[in-house]
Amino acid sequence: MQIRTATLADAEHLAELWEAAGLKVRAADVPAELSAVLARDPGLVVVAEDADGLAAAVLGTFDGRRGWVSRLATRPGRRGHGYASALLAELERRLAARGCRKVNLLIEQDNNKVTGFYRQHGYTEDQLIFMEKWLTPGASAHQPPRGQGGAS
């Protein structure tokens, strides 16, 4: 296994890997997303290759306060051989070198079988309320009705 930093040339292979692993990605969006992450967080998208090509990958980010683990995936057929563990350890090492003290990740409910893997690597669950908003280019921002909303 060879671990290296991803490049923009890996975009197509990353999209294929993430789709094969069952992650919800839009292949057409991967090149632009990868380009943005590589520009903002160079060195935090890490891949593992073997004789057959791209075997596993992880997309990491650092917001200056917290590190994030996203899209950690191993190609089906290569699972159970330490690829994901090696990538997670390498990403954590790279985040720590940048001054990161805490790493977060989100797991979608339909993928909760991976929680055991992360527990084995020292991650614990935290009870939070997760909220999201998709921003659509050209659309006006939604404003909540008066008296219903606001940030604290």
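Residues numbered from 1 in each chain as written. Predicted model: local features only at pLDDT ≥ 70, side-chain atom pairs only at ≥ 80, totals over all residues. Heavy atoms only, no water.

Caption draft 1: Representation of the overall build of the chain within the structure. The helix and strand tally for the chain stands at four helices and five strands. Considering only C-alpha atoms, the chain reaches an extent of 60 × 35 × 30 Å along its principal axes. Across the 152 residues in the chain, those meeting the buried criterion constitute 33%. By sequence separation, contacts in the chain at least 24 residues apart represent 60% of the contacts at least 6 residues apart. Taken as a whole, the chain presents about 10200 Å² of accessible surface, with 52% of it coming from carbon and sulfur. Taking the average place of the 19 positive charges on the side chains of the chain and the average place of its 18 negative ones, the gap between the two points comes to 7 Å. (Helix = DSSP H or I, 4+ residues; strand = E, 2+ residues; numbered from the N terminus. Buried < 20%, exposed > 50% of the residue type's maximum accessible area, 1.4 Å probe, protein only. Contact = heavy atoms within 4.5 Å. Areas by Shrake-Rupley, 256 points an atom, 1.4 Å probe, with all protein chains shown as cover. Lys, Arg positive; Asp, Glu negative; His and termini not counted. Charge placed at Lys NZ, Arg CZ, Asp CG, Glu CD.)

Caption draft 2: Representation of the environment of E108 within the structure. Relative to the helices and strands, E108 is located in the loop between β5 (103–105) and α4 (115–120). Spatially, the C-alpha atoms of E108 and L23 are 9.7 Å apart, while their sequence positions differ by 85 residues.

Caption draft 3: Looking closely at the packing of aromatic side chains. Applying the stated criterion across every chain yields a total of zero aromatic pairs. Positioned above the aromatic ring of W18, the side-chain terminus of R71 is 5.0 Å from the ring centre. (Phe/Tyr/Trp six-rings, centres within 6.5 Å; stacked < 30°, edge-to-face > 60°. Lys NZ or Arg CZ within 6 Å of the ring centre and 35° of its normal.)

Caption draft 4: Structural context of the packing of helix α1 (residues 11–20) against helix α2 (residues 30–40). At their nearest, the axes of α1 and α2 sit 9 Å apart, and the two run at 110° to each other. If you check the angle between α1 and α2, you find them roughly perpendicular. Here the hand of the crossing between α1 and α2 comes out right-handed. Residues A11, L14, A15 and W18 of α1 pack against V30, P31 and L34 of α2. Counted by class, the contact of α1 with α2 contains seven nonpolar, no polar and no charged residues. (Axes fitted to C-alpha atoms, helices over the stretch in contact; angles between N-to-C directions. Parallel < 35°, antiparallel > 145°, perpendicular 65-115°, else oblique. Left-handed = near helix turned anticlockwise from the far one by under 90°. Nonpolar A, V, L, I, M, F, W, Y, C, P; charged D, E, K, R; others polar.)

Caption draft 5: Quick look at unusual backbone geometry. One non-glycine residue, R71, lies in the positive phi region at around 50°. Positionally, R71 belongs in strand β4 (residues 67–74). Note on R71: relative accessible area 24%, which makes it partly exposed.

Caption draft 6: Inspection of the pattern of salt bridges at higher detail. Tallied over the entire structure, the rule returns 13 salt bridges. R4 is paired through a salt bridge with D10; the nearest N and O atoms lie 2.8 Å apart. As a salt-bridge pair, R119 and E125 come within 2.3 Å of each other at their nearest N and O atoms. Accessibility expressed as a relative area gives 47% for R119, which makes it partly exposed. Judged by its relative accessible area of 56%, E125 falls in the exposed class. The network of salt bridges with shared partners includes R4, D10 and E49. (Salt bridge = Lys/Arg side-chain N within 4 Å of Asp/Glu carboxyl O.)

Remember, this is a structural readout, not a statement about activity or role.
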